[in-house]
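Each chain, written out:
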Amino acid sequence: LVKITGATTADGSTTLQLQQQWFLADGSAGDGRLWTIPLITSVPGKAQPIQFMKDATHALTVPAGGWVKLNAGQTVPCRVQYTPELLGLLATGISDKTLPPADRAGLLLDTYALTKAGLQDPAELLRLLAAFKDEDNATVWSALSTVLQALDKILVGGSPVIYASFLNFTARLIALPATKVGWIPKTTDGHRGKMLRATLIGLVGRFSTREEDLAEARKRFSALAANPSDILACPSDSRTSVFQAVLRWGGPAEYAQLKGLFEAAQSDAERKQVLLALGFSEASHVQTLDWTTSGAVKLQDFFYPMMSVSSSSKAGLETTWQYFQTHFQRLHTMLATASPSLMDAVIGSSCASFTSTQRANEVVAFFEAHPLPTNQRRITQIVEGIRVNAAFTSRIEQSGLGKESFWQSLSA
């Protein structure tokens with residue numbers, strides 16, 4: 001981690017005070033080791049000469065005016081932490097796109113990692129996200145999707161007020177870019193255009209509350225249900241997202257239609273698209289779990305609906321964990337001769353998304369009473385992840401994100 005601890009400007013130049021330390025994802029202190037770090041720096045319109053940071057601290061001088069981006073091009077395996085003032089200038093570079101796409105994506109991923117580790121204020125991450133409202137680059141939207149969906153998993157189990165505000169914020173953030181890209185493939189798309197559309201439709205399926213988006217998803221779902229061989233009605237790269245959106249707002253009829261598509265599927269890839277969406281019918285959570293563990297789904301695929309149920313909502317996660325505990329012996333017997341990785345996947349689908357210390361302790365207690373030696377490494381990783389997420393959730397709830405005025409300021 002390269003941390004900017006201060007900045008002074010004089011005579012047309014800005015001097016940054018840098019400090020390096022070992023970065024660990026949980027925010028804990030390293031052992032004091034040092035590296036020789038290439039300082040690849042850019043300012044608007046101009047790359048700077050490369051310097052090397054060999055000591056614990058370093059002074060870096062660059063031309064004053066506008067943003068300063070360290071690790072330009074994201075070529076060095078390190079995180080960079082900026083002061084709030086410098087991060088604000090970089091947000092301007094995101095908004096006006098003077099900051100290149102690789103740097104926009106890298107800055108966001110660094111800020112999320114630092115925030116989760118407790119080294120950055122959660123409010124600064126949300127302010128940075130707000131700067132992407134006109135983003136149109138596929139690589140950057142891939143990073144945005146990663147961060148937004150990670151935050152969704154963290155926030156769903158915490159304060160209902162903060163989660164509702166986050167959902168509203170995310171729906172607004174994706175609305176304009178999704179409208180510009182549209183649902184219909186274009187002959188001019190190319191690889192990046194296809195990737196951008198698939199990413200945005202994925203986010204629309206998860207977060208959008210706009211009636212026009214739901215109507216479009218329903219139209220494409222109905223066309224595919226009427227003719228499963230019509231690949232143009234619902235392209236494969238957005239199919240699961242369409243299914244999830246329709247089930248999220250649908251009922252038993254849509255659920256039955258999707259099960260019908262599973263039966264009509266001609267390939268494992270098509271079946272997987274269905275399996276990853278079935279859990280989004282909240283009224284059918286237990287039905288889905290019973291069905292996928294009944295033998296109706298191939299053993300190597302049966303955990304996908306469990307993953308779908310648990311990721312669909314807070315209620316889905318609770319239902320999946322309770323189901324796993326209640327039916328543990330049956331699941332254990334099912335997987336007795338299978339690869340341990342399958343049980344790893346089932347355990348992860350059932351409890352990895354919890355975000356409280358209480359739940360971490362509950363998971364530990366369950367597996368102490370029901371030991372799985374071949375899966376212990378994965379269980380340990382899951383518990384560590386829950387504790388990290390619990391600390392992150394606590395910091396979020398103690399920050400300014402609980403105030404309505406904060407969320408209003410993001411759309412100002």
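Description of the structure in this document. This is a predicted model, so every value here is computed, not measured.

Definitions and limits used
- Residues numbered from 1 in each chain as written.
- Predicted model: local features only at pLDDT ≥ 70, side-chain atom pairs only at ≥ 80, totals over all residues.
- Heavy atoms only, no water.
- Helix = DSSP H or I, 4+ residues; strand = E, 2+ residues; numbered from the N terminus.
- Rg over C-alpha atoms; globule rule 2.2 N^0.38 Å.
- Buried < 20%, exposed > 50% of the residue type's maximum accessible area, 1.4 Å probe, protein only.
- Contact = heavy atoms within 4.5 Å.
- Areas by Shrake-Rupley, 256 points an atom, 1.4 Å probe, with all protein chains shown as cover.
- Lys, Arg positive; Asp, Glu negative; His and termini not counted.
- Charge placed at Lys NZ, Arg CZ, Asp CG, Glu CD.
- Core = buried A, V, L, I, M, F, W, Y, C linked by side-chain atoms within 4.5 Å.
- Phe/Tyr/Trp six-rings, centres within 6.5 Å; stacked < 30°, edge-to-face > 60°.
- Lys NZ or Arg CZ within 6 Å of the ring centre and 35° of its normal.
- Pairing = 2+ DSSP bridges.

What to know about the overall build of the protein chain
Item 1. Within the protein chain, the secondary structure is distributed over 18 helices and 9 strands.
Item 2. Over its C-alpha trace the protein chain gives a radius of gyration of 23 Å, about what one expects of a compact globule, namely 22 Å for 412 residues.
Item 3. Residues counted as buried form 50% of the 412 residues belonging to the protein chain.
Item 4. Restricting the contact set of the protein chain to residue pairs at least 6 apart, pairs at least 24 apart contribute 66%.
Item 5. Summed over all atoms, the accessible surface of the protein chain reaches about 18,700 Å², with 55% contributed by carbon and sulfur.
Item 6. In the protein chain, 37 side chains carry a positive charge and 35 a negative one; their mean positions are 2 Å apart.

With respect to the nonpolar core
Item 1. By size, the foremost hydrophobic cluster in this structure holds 116 residues, and its most contacted members are Leu-70, Leu-129 and Phe-324.
Item 2. Sequence-distant contacts of Leu-70, that is, excluding residues within four places in its chain, are made with Val-2, Ile-4, Leu-16, Leu-18, Ile-40, Thr-41, Leu-60, Val-80 and Tyr-82.
Item 3. Formed by 5 residues, the second largest nonpolar core is a distinct cluster that contains Leu-1, Phe-23, Leu-114 and Ala-117.

Things to note about the packing of aromatic side chains
By convention here, two paired aromatic rings are described through the distance between centres and the angle between planes.
Item 1. One pass over the structure, following the stated rule, counts 15 aromatic pairs.
Item 2. With a centroid separation of 5.2 Å and 85° between ring planes, the pair formed by Phe-262 and Trp-291 is classed as edge-to-face. Taken as a pair, Phe-262 in helix α9 (residues 252-264) and Trp-291 in helix α11 (residues 285-292) lie far apart in primary sequence, 29 residues in all.
Item 3. Judged by centre distance (5.7 Å) and plane angle (75°), the rings of Phe-324 and Phe-328 are edge-to-face. Neither residue differs from the other here; Phe-324 and Phe-328 are each classed as buried.
Item 4. What links up through ring pairs into an aromatic cluster is the set Trp-321, Phe-324, Phe-328, Phe-354, Phe-366 and Phe-367.
Item 5. Above the plane of the ring of Trp-22 lies Arg-33, whose end atom (NZ or CZ) is 4.1 Å from the centre.

Description of the sheet that holds strand β9 (residues 80-81)
Item 1. With respect to topology, 4 strands assemble into an open sheet ordered β7-β2-β1-β9, the strand pairing being mixed. The open sheet has two free edges, formed respectively by β7 (57-63) and β9, since each of these has just one partner strand.
Item 2. Here strand β1 (residues 2-10) runs beside β9; their pairing, made up of 2 bridges, is parallel. Its bridge partner being in β9, Val-2 is matched across the sheet by Val-80.

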